[in-house]
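Below are the chains, spelled out letter by letter.
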Amino acid sequence: MGGQAHHRLSSRSGDYLMPVMSIKFAGRGDDTLWPDLDRTTVIHTKDAISLGVLDGGMTSGSPSVALRIDLPDGRTVIAETSAKLFVGHGRLIAGRYPNLLD
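Rules of the game
- Residues numbered from 1 in each chain as written.
- Predicted model: local features only at pLDDT ≥ 70, side-chain atom pairs only at ≥ 80, totals over all residues.
- Heavy atoms only, no water.
- Helix = DSSP H or I, 4+ residues; strand = E, 2+ residues; numbered from the N terminus.
- Contact = heavy atoms within 4.5 Å.
- Buried < 20%, exposed > 50% of the residue type's maximum accessible area, 1.4 Å probe, protein only.
- Salt bridge = Lys/Arg side-chain N within 4 Å of Asp/Glu carboxyl O.

### Observations concerning the environment of leucine 33
The residue leucine 33 is located in helix H1 (residues 30–33) in this model. Sequence separation between leucine 33 and isoleucine 23 is ten residues, and the spatial gap between their C-alpha atoms is 9.5 Å. For leucine 33, the contacting residues outside a window of four places in its chain are Lys24, Phe25 and Ala26.

### Details of the side chain of histidine 89
Structurally, histidine 89 can be placed in helix H2 (residues 83–96). Assessed through its relative accessible area of 9%, histidine 89 is described here as buried. Apart from residues no more than four positions distant in its own chain, histidine 89 is found in contact with Met21, Ser22 and Ile23.

### A closer look at the pattern of salt bridges
With the rule as written, the count across this model stands at two salt bridges. Taking the shortest distance from any N to any O, the salt bridge between aspartate 70 and arginine 68 comes out at 3.0 Å. One salt bridge connects arginine 75 with aspartate 73, and the closest N-O pair in it is separated by 2.8 Å.

By themselves, these are just geometric observations and shouldn't be taken as functional.
If you want it as structure tokens, here you go:
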């Protein structure tokens, strides 16, 4: 999923944009997850991924989650979404794999 996809949401404090986050379940291998990827342009790193939680990081005042990925070429990617959406996706994963944390 590329580009700048957002959902426009309304709250008591007004409209705000929330980043879109999707989840896919598939078998082994990236080919089944994202068949649209041009493998020649993918930067695959197994280095550390850092997760940060920002109090009031959303325009609405709700917390947000930021993922930091340091790329092998020295650049850094930071992707941010709402904590609610992030935790919701975690629940989906836990539901699919109920013994994951055993």
